[in-house]
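Residues per chain are reported as follows:
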Amino acid sequence: MCGIFVTAHFQGTHTDELANRFQSLSTALRDANALRGPDAQRNHLLSLDNGNGSHTLELNFFASELRLRGTDYSVDQPHIRGQDGDVFCWNGEVFEGLKIDAEENDGVRLFELSSGLQTVEELRDLFGSIEGPYAFVFYIKSTNQLLFARDPLGRRSLLIHKPSTLNPYFMLASVACGANDGYTFQDISTEHIYCLDLNGVEKEANIEDNFDSHLSHISRSPSSPSSIDFTRPAAVNVSVPPEDWPHTTTLDVVPDHLVNAVDALISHLDKSVMLRVQNIPRPPSAPCTQARLAVLFSGGIDSTVITYLAHRHIPLDEPIDLLNVAFENPRKVQVALEGNSGKNKKKKKARTDSEPKSSVPTSYLVPDRKTGLEQLEELRALCPGRTWNFVEVNVPFEESSALKGTVESLMFPNRTVMDLSLALALYFASRGVGQIREEPGRETIPYTSPARVLLNGLGSDELLGGYGRHRSAYKSGGWQAVIEELQLEIDRIPLRNLGRDDRIISSHGKETRHPFLSLRLLKFLAELPIEKKMDPRADVGLGDKMLLRLAARKLGLVGASSRKKRAMQFGSHSARMEDDSKGDAMIE
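Below is a summary of the structure that appears in this document. Worth saying up front: this structure is predicted, and the values here are computed from it rather than measured. (Residues numbered from 1 in each chain as written. Predicted model: local features only at pLDDT ≥ 70, side-chain atom pairs only at ≥ 80, totals over all residues. Heavy atoms only, no water.)

### Describing the sheet that holds strand β8 (residues 159–161)
Taken in spatial order, the six strands of this open sheet run β2-β3-β1-β9-β8-β10, and their pairing is antiparallel. The open sheet has two edge strands, β2 (40–49) and β10 (186–187), and neither has a second partner. Where β2 meets strand β3 (residues 56–65), ten bridges bridge the pair, whose relative direction is antiparallel. The residue bridging Leu46 from the neighbouring strand is Leu59, located in β3. Against the sheet, helix α1 (residues 16–34) engages β1 (2–11), β2, β3 and β9 (170–173), with an angle of about 165° to β1. (Pairing = 2+ DSSP bridges. Helix = DSSP H or I, 4+ residues; strand = E, 2+ residues; numbered from the N terminus. Contact = heavy atoms within 4.5 Å. Axes fitted to C-alpha atoms, helices over the stretch in contact; angles between N-to-C directions.)

Okay, structure coming up:
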């Protein structure tokens, strides 16, 4: 994991006012991206003279490093070849496609493999051969080109500002500083690898002139086919089940026609989790009894299954942190005191504005806290000997209000009410500041999770039919409509909010990993016939994500296997804390 910040501008062509604004903005963006990599930061400056003496194109590469791969704690970014050769900013993890030993750093390994590759297509094929979350910027010295991209699912953030007359400079950044007149940042698309021809840019009188004509889109399609395609998500199996396909009636017994699919899901998901939790380096000064892994833990089926599988691959004497967030929501407190709308009106009138706030009780026993505690007990029963640090992250309304501006800045350019409610939950959960109980029933003690790798259960609903809209699609158009909806889900994954989530979580110097969003696991589930993944004819809590529910039951996670879906913002009470604004409303 790292923060990337790259700029390009013509040196000496700005007015003093613009030059000062650019410098101030660059400093702020550099600081914001430094938070993502607290272990090391480095800056590298290149000046490209167009040869006619009219102006110089200045490239500035900044990267910060969160060292989560390999045993060499002296790795710095950007990676630089020679004095003024190729430059590589890497924000990612290689989990498959390239053999990397436990002591190796994947960014260093990729840069080594890129040596001798002279064309955009050769570099495209190198990045197309790996599976994992990433964003990168690569300057090719020999051709004077700048390549940049995100992984095909968009699991890491990379924002682009194209030069304009008002703001005549080019910028790439992992995270911005919120809304600002000095840039128009947008998430870059995951459909292509981008290539900026700096030779063409240098010939222009102004950097904004004909900029788009110098920025090309390189197809991700590899030069030669491989056994598994890591360049794009797989397509959904379009076969429609027979009319007499058996109904799902229970989770207690795996039907014969689903045994192989259940076993295969457990195997694929177990490997995905294993690849994401093995060999997490421990900071030099950290004690061996300290947790290296945490899970964003609601007690739902997704987070519980990946937690249980992570238990298989982490030494038993090492604790695992379960981060469970709950918000003080004034509107929920008010309802608890006065009842729902239209009820207890006399009590409501009797209250006065002068009534002290202490008379309003604050309860953090939100839905996700209740289910989290229930699943904690199930995990303790199934995993004797494991220390589970159930971290109660309790967020007072005053604190969430005070940091709302910070969260809005981090999630930019996302700007909706729903973005904010989800981002708040992720921000405080991933920060990991809360309290734990060393034993059930004991008093709480303050605790801050030291884990720098967080597992997130995102992705199962899209791949396994976990949303209510999948059931609605079946009612309106049968199996065919569900198949089409699941294909849309996969198509939308890169357009969803993974970049936003990365910007939020990484601000704490931590990294999130998504076992369900492995391209290999996605391929397995996409190609599985629809009737083996879900049964929209069955009840909620049974037919939705049926395959995962059967797998959870087989693993012994009985409570989690039948738990119904609940969105994070509602389970934690981070939504609608002040008003009833709709989720798609823009924040002013």
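Moving on from the model shown.
### Some thoughts on the nonpolar core
Membership of the largest hydrophobic core comes to 71 residues, with the highest contact counts inside it found for Val305 and Leu322. The dominant element in this core, judged by the number of residues it contributes, is helix α6 (residues 259–277), at eight residues. (Core = buried A, V, L, I, M, F, W, Y, C linked by side-chain atoms within 4.5 Å. Buried < 20%, exposed > 50% of the residue type's maximum accessible area, 1.4 Å probe, protein only.)

### Things to note about the sheet that holds strand β11 (residues 192–197)
The sheet built from six strands is open, its strands ordered β4-β5-β6-β7-β11-β12 with antiparallel pairing. Two strands in the sheet have a free side with no partner beyond their single neighbour: β4 (79–80) and β12 (215–219). Where strand β5 (residues 87–92) lies against strand β6 (residues 134–140), six bridges are found, and the strand directions are antiparallel. Within β6, the residue paired with Phe88 across the bridge is Phe138. The sheet contacts of helix α2 (residues 106–114) involve β4, β5 and β6, and relative to β5 the element is tilted by about 140°. The strands touched by helix α3 (residues 120–128) are β5, β6, β7 (145–150), β11 and β12; relative to β6, the strand with the most contacts, the crossing angle is about 155°.

### Structural notes on the packing of α6 against helix α7 (residues 301–311)
Helix-helix packing is described using two parameters, namely the angle between the two axes and the distance between the axes. Between α6 and α7, whose axes approach to 9 Å, the crossing angle comes to 65°. With respect to their mutual orientation, α6 and α7 come out roughly perpendicular. The chirality of how α6 crosses α7 is right-handed. Counted together, Leu269, Asp270, Val273 and Val277 of α6 and Val305, Ile306, Leu309 and Ala310 of α7 form the full contact between these two elements. Here the residues of the contact of α6 with α7 are counted per class, giving seven nonpolar, no polar and one charged. (Parallel < 35°, antiparallel > 145°, perpendicular 65-115°, else oblique. Left-handed = near helix turned anticlockwise from the far one by under 90°. Nonpolar A, V, L, I, M, F, W, Y, C, P; charged D, E, K, R; others polar.)

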